[in-house]
Amino acid sequence: MATTFDFETALKQLQSGQALTGENGILTPLIKQLTEAALEAEIENYIEANPKQGNRRNGYTRKTVKSTSGSFELETPRDRNGEFEPQLVKKNQTKLSEEIDNKIISLYALGMSYRDIQKHVADMYGLEISDGAITNITDKLLPQLQAWKQRPLDTIYPFVWLDAIHYKVKDKGVYVSKAIYTILALNVEGKKELLGLHLSESEGANHWLSVLTDLQNRGVQDILIACVDGLKGFPEAIAAIYPQTEIQLCIVHQIRNSLRYVASKDQKPFMADLKPIYRADTKGAAEVALDELEAKWGEKYGVVIQSWRTKWHLLSAYVKYPKAIRKPIYTTNAVEAVHRQFRKLTKTKGAFPNEDSLMKLLYIGIQQASEKWTMPIQEWGQTITQLSIYFEGRLDDIIKI
């Protein structure tokens, strides 16, 4: 067994500038001594409580154990029959505390690279952590992720925003672009809630259909308004699962796509003429502004005007509502803000070695972001009241007016 911890010697070492924790830290021998003393008490109690003929103490097993104060060699007592199972430090346990694992996960959640995590752990605890060890520790998030993806959802959501973000992921030895489908909602309390993250080879209406089916299977029976970008077939996919849902195409996406076909010298005046359309107080005023846009620019940019005309029934859905409802639904900025959070986490990664490494990072990132979603959006009381009138009967089981 190790020699007794000398308090006076430790105090002198501390006064001379030796570190309290970390590699060669002053506390390490004390932690070793206390741990081994506790194990001694464990085996004595075990043998006394389980008397068997011929069973007795039988030396020690040595192993290197990592603690928050540094690494040391731990001597665990054995019994002759090999039946003693220590509880304080189990047979295959090599860390005394979950603090190291929790610290690694918290550093991982900040988007740190493995190299930076290893440096921080070495500086704080005097421990060398391999890439494999970090992966094993962060893999503890995977069961949580799976449970989160399968959790039951509310029966109705007033607003849902749907969008995709793309990442490079290694698949069969080759890095390919894969889409993460993000479903953000505003629940009946007016609070944001991320309903799910789904991974697919590429963004497409067919896969959105399976995503929406998953929402339905998890309990979502109704969505009042769905805000989406201009992906072809997207409205049809929503209508197939939620035929009563009103669809609003993102105005910002439409504007961006329109400007791609407008010469740079014309973009400023074109935008000035476009603004009265999407800022109109009524649908009639918006349609007059669209007619005026076509009269002025139709000959030169007929493709752009035609796009607005073709999608007008989906682009103009928000115009009929008062401002309290308009503001959240005319754009998919809410879900794009979630994607900005994702990019902060993944900016040091470049690409991911597998799907799990991407999903667990996004999962822990959204858990952090959602901690801030504790308050309903502004004017929610007024908004939900107006929604109950516009969507008569569909909120009756949720709110009483």
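As the structure is a computational prediction, the values presented were derived from the model and not from experiment. (Residues numbered from 1 in each chain as written. Predicted model: local features only at pLDDT ≥ 70, side-chain atom pairs only at ≥ 80, totals over all residues. Heavy atoms only, no water.)

Novice: Help me out: how do you make sense of the overall build of the chain in this one?
Specialist: Counting its regular elements, the chain contains 17 helices and 7 strands. When the 401 residues of the chain are sorted by exposure, 45% land in the buried category. Within the chain, contacts between residues at least 6 apart in sequence are counted, and of these 65% link residues at least 24 apart. Of the roughly 21100 Å² of accessible surface on the chain, 51% is carried by carbon and sulfur atoms. (Helix = DSSP H or I, 4+ residues; strand = E, 2+ residues; numbered from the N terminus. Buried < 20%, exposed > 50% of the residue type's maximum accessible area, 1.4 Å probe, protein only. Contact = heavy atoms within 4.5 Å. Areas by Shrake-Rupley, 256 points an atom, 1.4 Å probe, with all protein chains shown as cover.)

Novice: What exactly am I supposed to notice about the packing of helix α9 (residues 251-259) against helix α10 (residues 264-278) here?
Specialist: For any two helices packed against each other, the geometry is given by the interaxial angle and the distance between the axes. Look at α9 against α10: their axes get within 11 Å of each other, and the N-to-C directions meet at 150°. With respect to α10, the element α9 is oriented roughly antiparallel. Considering only the axes of α9 and α10, their crossing is right-handed. Residues I251, I255 and L259 of α9 pack against Q267, F270, M271, L274 and Y278 of α10. (Axes fitted to C-alpha atoms, helices over the stretch in contact; angles between N-to-C directions. Parallel < 35°, antiparallel > 145°, perpendicular 65-115°, else oblique. Left-handed = near helix turned anticlockwise from the far one by under 90°.)

Novice: Could you clarify how one ought to interpret unusual backbone geometry in this entry?
Specialist: Working note: non-glycine residues mostly have negative phi, and peptide bonds are mostly trans. In the Ramachandran plot, K172 falls in the positive-phi region, its phi being about 55° despite a non-glycine side chain. Along the polypeptide, K172 turns up in the loop between β3 (156-171) and β4 (174-186). In this model, E379 sits at a positive phi of 60°, which is unusual for a non-glycine residue.

Novice: Would you explain empty space enclosed by the protein in this entry?
Specialist: Remark: the empty space left among the atoms is shown by a probe the size of a water molecule rolled over them. What the rule picks out here adds up to 1 cavity of 30 Å³ or more. The space that makes up the largest cavity amounts to roughly 40 Å³. In terms of lining residues, the largest cavity is bounded by G230, L249, C250, H253, Q254, N257, K311 and L315. Per element, the largest residue contribution to the lining of the largest cavity is 3 residues, and it comes from α9. Within the lining of the largest cavity, the residues separate by chemical class into 3 nonpolar, 4 polar and 1 charged. (1 Å grid on protein atoms, 1.4 Å probe; cavity = no way out; pocket = protein on both sides within 12 Å on 5 of 7 lines; lining within 4 Å. Points joined across faces, edges and corners; volume = space filled by probe spheres on them. Nonpolar A, V, L, I, M, F, W, Y, C, P; charged D, E, K, R; others polar.)

Novice: Got a minute to help me understand the sheet that holds strand β5 (residues 192-200) in this structure?
Specialist: Note: strands within a sheet are paired through backbone hydrogen bonds, in either parallel or antiparallel orientation. Strands sit in the order β5-β4-β3-β6-β7 across an open sheet of 5 strands; the sheet is mixed. Lying at the two open borders of the sheet, with one neighbouring strand each, are β5 and β7 (246-249). Taken over all neighbouring pairs, the strand axes of this sheet differ in orientation by 25° on average, direction set aside. The pairing of β3 with strand β6 (residues 222-228) spans 6 bridges and is classified as parallel. Considered in β6, the bridge of Y157 is made with I223. The strands that helix α15 (residues 333-346) touches are β3, β4 and β5; relative to β3, the one it contacts most, it runs at about 30°. (Pairing = 2+ DSSP bridges.)

Novice: Please clarify how the pairing of β5 should be interpreted in this entry.
Specialist: Judged by how many residues are buried, β5 sits mostly within the fold: 7 of 9 residues are covered. Direction of pairing for β4 relative to β5: antiparallel, over a ladder of 8 bridges. Residue Y181 lies in a different strand from β5, and its bridge partner there is H198.

Novice: Explanation requested: the packing of aromatic side chains in the structure shown.
Specialist: For any pair of aromatic rings, the description consists of the separation of the ring centres together with the inter-plane angle of the planes. Summed over the entire model, instances satisfying the criterion amount to 13 aromatic pairs. Each ring, one from Y167 and one from F352, has its centre 5.9 Å from the other, and the planes form 90°; the classification is edge-to-face. Remark: F352 occurs in the loop between α15 and α16 (355-370) and Y167 occurs in strand β3; sequence separation between them is 185 residues. Across this residue pair, the class does not change: Y167 and F352 are buried. Grouping aromatic residues by their ring pairs yields a cluster made of F159, W161 and W380. (Phe/Tyr/Trp six-rings, centres within 6.5 Å; stacked < 30°, edge-to-face > 60°.)

Novice: Before we go on, may I ask you to explain helix α7 (residues 205-217) in this structure?
Specialist: An α-helical segment advances 3.6 residues per turn. Residues three or four places apart therefore align on the same side. End to end, α7 covers 18 Å across 13 residues, agreeing with the expected 18 Å (1.5 Å per residue, within 8%). Within α7 the residues assigned to the buried category are A205, W208, V211, L212 and L215. When α7 is viewed along its axis, its buried side chains cluster within an angular range of 105° and face the same direction. Opposite the buried face of α7, at more than 90 degrees from it, the exposed residues are N206 and N217. Where α7 is buried, its residues touch β3, β4, β5 and α8 (234-241). In the stretch just after α7, G219 is the one whose phi turns positive, near 115°. (Expected span 1.5 Å × (residues − 1). Arc of directions from axis to C-beta.)

Novice: Before we go on, may I ask you to explain the packing of helix α6 (residues 141-149) against α16 in this structure?
Specialist: The contact between α6 and α16 brings their axes to 10 Å, and the two run at 70°. Compared by their axis directions, α6 and α16 come out roughly perpendicular. As α6 runs across α16, the sense of the crossing is left-handed. On α16, the residues that touch L141, L142, Q144, L145, W148 and K149 of α6 are D356, M359, K360, Y363, I364 and Q367.

Novice: Explanation requested: the pairing of β6 in the structure shown.
Specialist: Where a strand is regular, its side chains alternate between the two sheet faces. Of all 7 residues in β6, 7 are buried, a share of seventy percent or more. The pairing of β6 with β7 spans 4 bridges and is parallel. Across the sheet, residue C227 finds its bridge partner in β7, namely Q248. As a crossover connection, the stretch from β6 through α8 into β7 is right-handed. (Right-handed = clockwise from strand over helix to strand, strands pointing away.)

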